[in-house]
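Take a look at the letters that make up each chain.
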Amino acid sequence: MLGPLEVSSEAGRVMLPSPRHQRVLAALLLAPNSVVPTARLVEAMWDREPPATATKQVQNCVSALRERLGRGSAVIVTDGPGYRIVVSDSELDALRFHRELETARRRAAEGSHRAAVLAARAALRLWRGPALAGLDAVALAGPVMRLNEQRLHAIRRCADWQLELGEYDRVVEELTEVVAQHPLDEGAHARLMTALAASGRQGDALAVHQALRTRLVEDLGVDPGAEVQAAHARILAAPPPVPRAPGTSVAPSPQAPPVRRDPAVEDLAVAVTRQWTAEAQRRSLHRPEPVPLRWCSTARPVSARTGVPAGRAVEPDQTDIVATFRQAPHRQLVILGEPGAGKSVMAIQLTLGLLADPEPDEPIPVLLPVASWDPHREHLHQWLTARLLEDYPGLANTAEYGPDAAARLVLDGRIIPILDGLDETPPALHAAAIEAIDHAVTAGRPLVVTCRTTEYERAVTRTGSLLTRATVVEIEPVDLEAAIRFLTARARAGDTRWDPVVDHLHQNPTGPLAQALRTPLMIDLARAAYASPSADPRELCDTARLDDAERIEEHLLDACLPTAYADRPPPPRGRPRLRRSYDSAQARRWLAYLARHLHEQRTYDLAWWRLDRAVPPQLMCLMLSAPAAVVFGLTGWVAAGPREGAVYGLAFLAAGYVAHRTGHRPGPLRAELRLRGTGGRYLRRFVAGVSIGVAFGLPWSLSVPHTMLLAAVFGLAVGTHIWLDTPVDVDRVTSPTTVLRGDRRAAWIVTLSFMASLGLFYGMCFSHPQRVPLAVILDGEFSLVLALSSGLTSGLVGRFLLGRPGALCYGLAGAVVGGLFFPRATSLEHAVAAGVLFAVAVGLSVCLARAWGAFAVARLYLAGRGHLPLRLMRFLEDAHRREILRQVGAVHQFRHGRLQDRLARRAETRSPLGSAAMVEGTSS
């Protein structure tokens with residue numbers, strides 16, 4: 001991990017003397033078990049312009065590494081667009097470090113600070129100096145800096161736990177060295193001051209404060225932050241220290257508690273950085289550099305009389321957006337621009353810029369697409385809280401972050417909401433959203449909003465609603481020379497394909513092509529469309545076919561998918577999900593269907609758990625209820641005959657259809673399977689399940705042994721649900737795939753628990769004679785007691801599945817079915833068969849009421865109709881890798897809103913079933 005690059009292999013520790021070998025291996029190890037694109041490895045090997053044979057040299061370097069590491073192609077796997085190194089925790093210090101640190105966090109959350117310190121020390125002992133010391137690679141500077149920052153973060157957390165234990169001398173010894181190496185680290189200084197004061201060295205503590213303050217004022221012209229100032233104030237206000245014998249510790253006085261940071265804030269910063277750094281790399285924002293943008297304070301009548309003077313431009317430097325935000329009087333910023341002007345890219349750069357160089361006690365920037373917010377139904381703070389829990393589900397872990405951590409971060413102003421795409425909300429909500437945002441940040445809290453210029457100006461001028469404290473800037477069109485530099489930046493030496501385009505632009509600086517290439521979107525699409533050496537960008541100058549800017553833009557949008565799905569050599573047989581390649585026309589048809597569906601739903605968020613809305617609702621409800629109804633009918637037939645089977649089937653078919661039609665299916669469960677720390681809660685749930693099992697067994701007059709067995713099974717089934725717990729840490733960023741896997745896991749656990757308990761319950765009842773009062777109804781025998789018991793059971797299950805409508809519908813169906821008299825089973829096999837069938841029917845009802853179950857049904861239907869592929873998530877992940885889609889938390893989005901609009905419009909014009917409203921919405 002540190003010093004000269006070494007790695008464990010079958011032959012022991014292997015030294016890699018070649019700097020290029022070290023750089024490639026370092027790039028792979030900085031993203032263990034993840035795909036590193038070949039272009040990223042090229043950037044790691046050459047800081048400046050790579051040679052024409054760069055890709056071939058990377059392949060040779062990888063082959064040499066495979067030979068050195070001694071496991072052939074099993075250690076470095078060719079995977080899609082790049083390579084993936086396969087390592088375990090025991091082979092890579094970085095993975096061991098994170099594992100030990102996670103253990104320390106759990107121990108601290110459980111109240112065992114001693115165990116937390118031991119685990120943290122085990123993690124820190126893996127370090128032997130700065131990460132990758134001596135490896136000078138500009139492309140790897142960011143990940144290396146994050147590794148070193150994670151080490152400092154671990155030292156600070158360990159110091160907090162040691163301060164809790166009163167180990168002041170040990171904290172002083174370590175932090176003295178840390179502040180010497182990092183003289184501007186205010187967190188380390190604050191903790192060192194606290195430890196010195198608590199150990200009776202108040203003078204030394206004040207000297208540390210004075211040295212830090214002098215350095216900050218002289219070097220940076222700023223005073224220490226709130227954390228250092230608070231520690232300084234506590235030291236001055238604390239009573240004189242109590243004399244103590246050497247080697248003993250004194251508990252901290254009530255006036256001088258140890259300095260502690262909110263772990264939710266720190267871990268959220270790590271998660272946001274990881275999420276958007278990966279997205280920036282995926283979108284190739286730094287290959288070799290983003291399109292330079294200029295912006296100025298808008299001259300449009302959309303802002304109050306605050307902010308920077310109108311017309312003052314900002315130099316096109318990627319750090320300037322951070323300076324613009326911080327220089328705003330109230331740190332409230334509205335970024336306006338035309339479609340494709342780079343608003344979302346600027347929001348990503350602002351987020352990463354604020355995180356890369358945070359000011360003391362500055363809130364954490366959190367980038368959130370705002371399209372799903374309805375200001376008429378949700379307060380902004382309520383929506384922000386919900387989105388934080390969706391995208392960073394670890395915030396719900398009360399043991400690690402305390403109760404209501406997400407709400408606390410929002411209400412205490414610990415986050416900077418960067419609300420991207422206000423124009424993506426329905427037009428009728430634009431003015432209401434602006435008004436609601438202004439009310440929510442009236443106290444001067446920081447905020448960033450991006451929106452299309454026309455939509456924002458229309459909303460402000462029509463209603464008068466505006467953000468009264470915000471500075472409003474407008475992105476200017478890309479300079480022609482900047483566009484030319486971006487188009488030709490990655491051209492190889494001797495490649496003259498772009499020369500006719502450059503000459504045409506110089507000769508026609510206001511022509512259609514120059515007008516089309518005024519936004520980063522179109523410039524990026526143009527470079528991607530003609531990246532292949534066989535492509536000829538000269539056709540962009542064809543004024544006969546592309547006679548205006550709109551036609552050129554449509555041409556580039558249409559070329560996006562064929563370029564992304566161009567034929568490439570297939571990856572080797574590695575992970576199954578990467579073997580499939582997609583035809584360009586096929587992918588276009590599927591993506592067009594998704595784009596049209598999103599437009600019909602008035603959203604840009606492609607959430608897999610809402611895909612069932614693409615199926616006609618009546619048909620969807622029938623498909624969700626029919627499978628269980630058929631098996632229920634078979635159960636009744638086996639138990640009592642065809643007439644009872646018909647009653648079973650029709651009752652549950654009607655119940656399922658109405659419940660799914662009127663009820664509300666829960667969203668995906670963002671949880672993970674965890675056994676540690678669940679013993680007490682499991683025991684309480686187990687007792688509750690035992691009580692339910694006994695209550696169910698009594699009306700059926702089951703024997704004591706059978707009742708106890710039933711109670712035990714119910715206890716185990718009910719207790720099992722406690723294992724589905726929120727993720728341990730907030731820095732585990734959610735994604736569509738992880739959410740799907742989590743809900744699928746939860747669906748199976750819940751389904752199997754219901755199947756085991758209710759299937760056993762039915763089989764036992766069928767094997768015992770019914771000794772309860774019966775009432776003769778319609779030439780049959782019907783028990784009111786059993787009907788009441790079964791109705792209650794089914795109602796509780798229905799309430800769990802689909803809320804109150806589910807409780808009512810399934811309760812009535814259970815009462816009708818449960819009250820029917822059926823003869824005792826003729827044999828054990830007969831009872832087992834009925835119990836198994838009933839368990840399967842219950843399992844189908846439960847599973848298809850989960851988000852994953854409904855998604856599976858909708859996916860099968862849409863694949864059968866040819867609208868989407870059968871393995872939809874694999875296709876979406878592939879589209880994400882090809883930069884057609886992006887991931888925003890748990891949902892996918894088209895990388896460019898205009899691409900979605902174009903695909904939806906083309907799909908609409910080809911379909912005779914499209915609505916007029918749909919055409920109007922896409923053309924706007």
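All of these numbers come straight from a predicted model, not from anything done at the bench.

Observations regarding the confidence of the model for the protein
Looking at the protein as a whole, its pLDDT mean stands at 78, while 80% of the residues score no less than 70. Of the regions scoring below 50 in pLDDT, residues 240–260 engages in 29 contacts with residues more than four places distant in sequence or in other chains. Counting contacts from residues 911–924, a segment whose pLDDT is below 50, to residues more than four positions away or on other chains yields 17 contacts.

As for the packing of helix 2 (residues 38–45) against helix 3 (residues 54–69)
Where helix 2 contacts helix 3, the axes come no closer than 10 Å and their chain directions differ by 90°. Taken together, helix 2 and helix 3 sit at an angle that is classed as roughly perpendicular. Contacts between helix 2 and helix 3 involve Thr38, Leu41, Val42 and Met45 on the former and, on the latter, Ala54, Thr55, Gln57, Val58 and Cys61. The residue makeup of the contact of helix 2 with helix 3, split by class, is six nonpolar, three polar and no charged.

Some points on the nonpolar core
In terms of nonpolar packing, the biggest core is built from 148 residues, with Tyr456, Tyr565 and Ile884 touching the most fellow members. Residues contacting Tyr565, with those up to four places away along its chain left out, are Tyr582, Ser584, Ala587, Leu591, Phe875, Asp878, Ala879, Arg882 and Ile884. Core analysis: the next-biggest nonpolar cluster, separate from the first, contains 62 residues, Leu28, Leu132, Leu147 and Ala195 among them.

Focus on the pairing of strand 5 (residues 82–85)
Relative to strand 5, strand 3 (residues 36–37) runs antiparallel, the two being bridged by two bridges. Considered in strand 5, the bridge of Val36 is made with Tyr83. Relative to strand 5, strand 4 (residues 76–79) runs antiparallel, the two sharing four bridges. Each bridged residue has a counterpart across the sheet, and for Thr78 the counterpart in strand 5 is Tyr83. What sits between the antiparallel neighbours strand 4 and strand 5 is a turn of two residues, in which Gly80 has the positive phi angle 60°.

A few points about the packing of aromatic side chains
Taken as a whole and assessed by the stated rule, the structure comprises eleven aromatic pairs. Their ring planes at 10° and their centres at 3.8 Å tell us that Phe632 and Phe652 sit as a pair that is stacked. With Phe632 in helix 25 (residues 617–640) and Phe652 in helix 26 (residues 642–662), the pair connects residues that are 20 residues apart, well separated along the chain. The pair Phe632 / Phe652 is uniform in exposure class, with both members buried. With centroids separated by 6.4 Å and ring planes inclined at 40°, the aromatic side chains of Phe652 and Tyr810 adopt a geometry described as tilted. Highlighted residues: Phe652 in helix 26 and Tyr810 in helix 30 (residues 784–818), separated in sequence by 158 residues. For Phe652, a relative accessible area of 7% translates into the label buried. An aromatic cluster is defined as three or more aromatic residues linked by ring pairs; in this entry it consists of Phe632, Phe652, Tyr810 and Phe838. Over the ring of Phe486 we find Arg527, and its NZ or CZ is 3.8 Å from the ring centre.

Parameters and conventions
- Every residue gets a number counted from 1 within its own chain, in the order that chain's sequence is written.
- Reporting of local features is limited, given that this is a predicted model, to residues whose pLDDT is at least 70; pairs of side-chain atoms are given and counted only at 80 or more, and all residues count toward the totals for whole chains, interfaces and linings.
- Heavy atoms throughout the structure, all of them, feed into the side-chain values; hydrogens and water do not.
- Values of pLDDT, which run from 0 to 100, indicate the predictor's confidence residue by residue.
- Residue contacts follow a heavy-atom distance rule, with two residues in contact if any of their heavy atoms lie within 4.5 Å.
- Angles shown run from 0 to 180 degrees and are taken between the N-to-C directions of axes, each axis being a line fitted to C-alpha atoms and, for helices, limited to the stretch in contact.
- Only DSSP runs of H or I covering at least 4 residues are called helices, and only runs of E covering at least 2 are called strands; the numbering of each starts at the N terminus.
- Should an angle lie under 35 degrees it is considered roughly parallel, over 145 roughly antiparallel, and from 65 to 115 roughly perpendicular; all remaining angles are considered oblique.
- Classes in brief: Ala, Val, Leu, Ile, Met, Phe, Trp, Tyr, Cys and Pro nonpolar; Asp, Glu, Lys and Arg charged; the others, Gly included, polar.
- The set of buried Ala, Val, Leu, Ile, Met, Phe, Trp, Tyr and Cys residues whose side-chain atoms join them within 4.5 Å is what this entry labels a nonpolar core.
- Partly exposed residues are those whose accessible area sits between 20% and 50% of the maximum for their type, while under 20% is buried and over 50% is exposed, using a 1.4 Å probe and protein chains only.
- Any two strands with at least two DSSP-identified bridges between them are counted as paired.
- Within 6.5 Å between ring centres, the rings of Phe, Tyr and Trp (the latter by its six-membered ring) count as paired, and their orientation is classed by plane angle as stacked under 30 degrees, edge-to-face over 60, tilted in between.
- Think of it as a cone above the ring: NZ of Lys or CZ of Arg counts as a charge over the ring if it is within 6 Å of the ring centre and within 35 degrees of the ring normal.

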